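# What the coordinates show
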Amino acid sequence: MQRQQMVRRIKEQHAAQIPWDIAVVGGGATGMGVAVDAASRGLSVALVEAHDFGKGTSSRSTKLVHGGVRYLQQGNISLVMSALKERGLLRQNAPHLVHDLPFILPNYAWWEAPFYGIGLKLYDLLAGKYSFGASKLLSKRQALNLLPTLQHEGLRGGVIYHDGQFDDSRLLIHLAMTASEQGAAVLNYCPATGLLRDADGYISGVMARDEETGEDLTIPARVVVNATGVFTDSIRRMADAKAYPIMVASQGIHLVFDRLFLKGDTALIVPRTNDGRVLFVIPWHGHAVAGTTDTPVNAPSLEPRPLDDEIDFVLETAGRYLTPAPTRKDIQAVFVGLRPLVKGKGDTSALSRDHVVHVDKSRLLTITGGKWTSYRHMAEDCVDHAIALGRLPDNACVTKNLRIHGYLKYADTLDDLAVYGTDAKAIRELAQDTKLAARLHPDLPYIAAEVVWAARAEMARTVEDVLARHTRALFLNAAAATEMAEPVARLLAAELGHDEAWIAVQVKEFRALAEQYRVA
Ligand SMILES: Cc1cc2nc3c(=O)[nH]c(=O)nc-3n(C[C@H](O)[C@H](O)[C@H](O)COP(=O)(O)OP(=O)(O)OC[C@H]3O[C@@H](n4cnc5c(N)ncnc54)[C@H](O)[C@@H]3O)c2cc1C
């Protein structure tokens, strides 16, 4: 996957005056899913992303591939069933990235074991052949064996059930590589700046700007798909300045701690927080991640900030269930994401988590809502609509059985490089050079060879790309990531041909950003 090649292909297609079948705006889970689906059906696809792939919400999820126990509580059976099926398909097609994670729901009141025990049996039943394992009741001792840091005072026992876990930005990078292998042109650092129209006033393509050269790119297309998450309405207004808003953003934060707060390989679910939501504390890349919140947001931003109240809420809720209770000084990183929710009535936690496909009068096709787990199903639905809208060849969707780049069973034998799947071999080869085998920080497992790989094969362009999404250093330990900035900048500069001035700017910008991931 080479950025220059992507730019060249987009320019050549314009010069030849051949429209793409589909142009996608937005390189998160939704847009990249559409690119993979369409390209694997044999359609020609170009995708533009304003920043790095996954810079938006798709790198900031709770990292669960799940049916959604909470939606079961809300009685949304069809949404849960469909997500459970997608959970199974995702593990089948990306076994190197999706794995089973056991959760304990602790019981402190007498009624919790029968109530949640029955609910989770229903969850098992709905999963059917896509089950990740049966739920069962645990004694107090069994629960504490699996979750030694669980608050034992008043504990009666627990219910254990299974869901999936993944690394969101790594899956996105592998989806981009899959899309590229299927023939799509996917380009990062290339915001859509406007929409093209045909003689009848219908949308017929995208104008975009290559941020690295400042050049304008013209991307004629039979169908334009708007997959910009919380920024959906800004693209819709390019098509129709008076378009009514359909998007509501809701913010969720996660706090990251040392694993000493969550010993063992089992996650904790708090089934009912004070605001009526669920809260998870999950083991992830050698750390403990606690979240999340649901706070309405007026204006979407790419780097949303946590509110003090949200931090207090997560600390207080996790602290009621864990011993020792984590405090502010234990927070190694805080990351925040914005849920793209489709407008309805009521508070944001009551808004639909279903996805929406919307066609404007101008024939702009918008897809939004849903969740990471359902990206494949959403993409299938969107491309079906695009085929009808653009009278494109009606080829059947093949993604149910399409292996995602890096596909490898039993990847956990690759230890720290497991998330790379089959690419781990190439990274190990790079690490034959002892300079590239060195760890970039004693507190995190990342080695220099991963930076070189990210630049050569994954279109990483900046220090932030490498530390936030190609590795997860910024999301795991913001102080350590800050210390890694300069060595990473030097490795990238050598790969991408940049000078000392570029290194200085990159380090300065990254350090400023990393401050936002720390809690004073
Ligand atoms: C706190 C939180 C926790 C979550 N946890 C889970 C979970 O555990 N499991 C799960 O399944 N789901 C989860 N979700 C939901 C899931 O993360 C989202 O549904 C999904 O990531 C949305 O992807 P997207 O592609 O629609 O949006 P995004 O990832 O935001 O992608 C939109 C992209 O469009 C780009 N863009 C914007 N404007 C332009 C432009 N003009 N030109 C080009 N590109 C542009 C942006 O830069 C961005 O990268 C969670 C969400 C939140 C907020």
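Residues numbered from 1 in each chain as written. Predicted model: local features only at pLDDT ≥ 70, side-chain atom pairs only at ≥ 80, totals over all residues. Heavy atoms only, no water.

### Focus on the nonpolar core
Of all hydrophobic cores here, the largest spans 145 residues; its most connected members are Ile-22, Met-32, Val-225 and Leu-474. In terms of residues, this core owes the most to one element, helix α16 (residues 478-496), which gives 10 residues. Contact partners of Ile-22, with chain neighbours within four places excluded, come to Ala-38, Leu-43, Ser-44, Val-45, Ala-46, Ala-221, Val-223, Val-225, Val-383, Ala-386 and Leu-392. The next biggest cluster of nonpolar side chains, apart from the first, holds 29 residues, and it includes Leu-255, Leu-262, Ala-318 and Val-336. (Core = buried A, V, L, I, M, F, W, Y, C linked by side-chain atoms within 4.5 Å. Buried < 20%, exposed > 50% of the residue type's maximum accessible area, 1.4 Å probe, protein only. Helix = DSSP H or I, 4+ residues; strand = E, 2+ residues; numbered from the N terminus. Contact = heavy atoms within 4.5 Å.)

### What about the packing of helix α4 (residues 77-93) against helix α10 (residues 375-390)?
A pair of packed helices is characterised by two quantities: the angle between their axes and the separation of those axes. It is at 8 Å that the axes of α4 and α10 come closest, and there the two elements cross at 105 degrees. Comparing their axes, α10 and α4 come out roughly perpendicular. Mapping the contact onto sequence places Ser-82, Glu-86, Leu-89 and Leu-90 in α4 and Tyr-375, Arg-376 and His-377 in α10. For the contact of α4 with α10, the class distribution of residues is three nonpolar, two polar and two charged. (Axes fitted to C-alpha atoms, helices over the stretch in contact; angles between N-to-C directions. Parallel < 35°, antiparallel > 145°, perpendicular 65-115°, else oblique. Nonpolar A, V, L, I, M, F, W, Y, C, P; charged D, E, K, R; others polar.)

### A closer look at the layout of surface pockets
Of the volumes computed, that of the second largest pocket is approximately 1000 Å³. Lining of the second largest pocket is provided by 44 residues; of these, His-99, His-285, Asp-415, Ala-418 and Val-419 occupy positions nearest its centre. Secondary structure elements with two or more residues in the lining of the second largest pocket: α4, β4 (99-107), β13 (279-284), β20 (444-447) and α14 (463-470). If one sorts the elements of the lining of the second largest pocket by residue count, β4 sits on top with four residues. Among the residues forming the lining of the second largest pocket, the class breakdown is 18 nonpolar, 11 polar and 15 charged. (1 Å grid on protein atoms, 1.4 Å probe; cavity = no way out; pocket = protein on both sides within 12 Å on 5 of 7 lines; lining within 4 Å. Points joined across faces, edges and corners; volume = space filled by probe spheres on them.)

### Some words on the pairing of strand β2 (residues 45-48)
Residues Val-45 and Leu-47 of β2 are buried on one face, and the alternating residues Ala-46 and Val-48, pointing to the opposite face, are buried as well. The pairing of strand β1 (residues 20-25) with β2 spans four bridges and is parallel. Within the sheet, the bridge partner assigned to Ile-22 lies in β2 and is Val-45. Summarising the sheet, β2 and strand β7 (residues 185-187) pair through three bridges and their orientation is parallel. By the bridge assignment, Leu-47 is partnered in β7 with Val-186. (Pairing = 2+ DSSP bridges.)

### Some details on the packing of α14 against α16
Interaxial distance between α14 and α16 falls to 8 Å at its minimum, and their mutual angle equals 125 degrees. Our classification of the angle between α14 and α16 gives oblique. Handedness of the crossing formed by α14 with α16: right-handed. Across the interface between the two elements, Val-463, Val-466 and Leu-467 of α14 pack against Ala-481, Met-484, Ala-485, Val-488, Ala-489 and Leu-492 of α16. Split into classes, the residues belonging to the contact of α14 with α16 amount to nine nonpolar, no polar and no charged. (Left-handed = near helix turned anticlockwise from the far one by under 90°.)

### Focus on the pattern of salt bridges
Across all of its chains, the model carries 40 salt bridges by this definition. Ionic pairing is found between Lys-63 and Asp-168, a salt bridge with its closest N-O pair at 2.7 Å. Placement of Lys-63 in the loop between β2 and β3 (64-65) and of Asp-168 in helix α7 (residues 168-181) is noted, with a sequence separation of 105 residues between them. The pair formed by Lys-63 and Asp-168 is uniform in burial state, with each residue classed as buried. Linking Arg-259 and Asp-265 is a salt bridge whose minimum nitrogen-to-oxygen distance equals 3.6 Å. Ionic contacts of the salt-bridge type, sharing partners, join the residues Asp-52, Lys-55, Arg-60, Glu-303, Glu-464, Asp-465 and Arg-469 into one network. (Salt bridge = Lys/Arg side-chain N within 4 Å of Asp/Glu carboxyl O.)

### Notes on the packing of aromatic side chains
Across all of its chains, the model carries 12 aromatic pairs by this definition. Pairing Phe-103 with Tyr-161 gives two aromatic rings, centres 5.1 Å apart and planes at 20 degrees, and the pair type is stacked. Placement of Phe-103 in strand β4 and of Tyr-161 in strand β6 (residues 157-165) is noted, with a sequence separation of 58 residues between them. According to the relative accessible area criterion, Phe-103 is buried, its value standing at 1%. Site record: aromatic cluster; members linked through ring pairs are Phe-103, Tyr-123, Tyr-161 and Phe-280. Over the face of the ring belonging to Tyr-202 we find Arg-363, whose NZ or CZ atom lies 3.7 Å from the ring centre. The ring of Phe-475 is capped by Arg-472, whose NZ or CZ atom sits 4.6 Å from the centre of that ring. (Phe/Tyr/Trp six-rings, centres within 6.5 Å; stacked < 30°, edge-to-face > 60°. Lys NZ or Arg CZ within 6 Å of the ring centre and 35° of its normal.)

### A closer look at empty space enclosed by the protein
Per the counting criterion, the structure on display carries four cavities of 30 Å³ or more. Computed from the structure, the largest cavity encloses a volume of approximately 60 Å³. Surrounding the largest cavity, Gly-33, Val-36, Asp-37, Asn-93, Leu-175, Tyr-375, Arg-376, Ala-379, Thr-399, Leu-402 and Ile-404 form its lining. Elements with a contribution of two residues or more to the lining of the largest cavity: α2 (29-40) and α10. As a volume, the second largest cavity reaches approximately 50 Å³. Looking at the second largest cavity, the residues that line it are Glu-86, Leu-89, Leu-90, Asn-93, Thr-373, Tyr-375, Arg-376, Thr-399 and Ile-404. Elements with a contribution of two residues or more to the lining of the second largest cavity: α4 and α10. With four residues, the single largest contributor to the lining of the second largest cavity is α4.

### Some points on the site of the ligand
Around the ligand there are 36 residues in total, and Thr-30, Glu-49, Ser-58, Leu-64 and Thr-373 lie nearest to it. Thr-62 places a main-chain nitrogen or oxygen 3.0 Å from a nitrogen atom of the ligand. Between an oxygen atom of the ligand and a main-chain N or O atom of Lys-63, the distance comes to 3.5 Å. Here the ligand loses 94% of its free accessible area of 1000 Å² to cover by the protein chains. At the level of secondary structure, the elements contributing two or more residues to the shell around the ligand comprise α2, β11 (247-258) and β16 (333-342). In terms of residue class, the shell around the ligand is made up of 13 nonpolar, 18 polar and five charged. (Near = heavy atom within 4 Å. Polar contact = N/O pair within 3.5 Å; in protein donor to acceptor, adjacent residues only side chain to side chain. Areas by Shrake-Rupley, 256 points an atom, 1.4 Å probe, with all protein chains shown as cover.)

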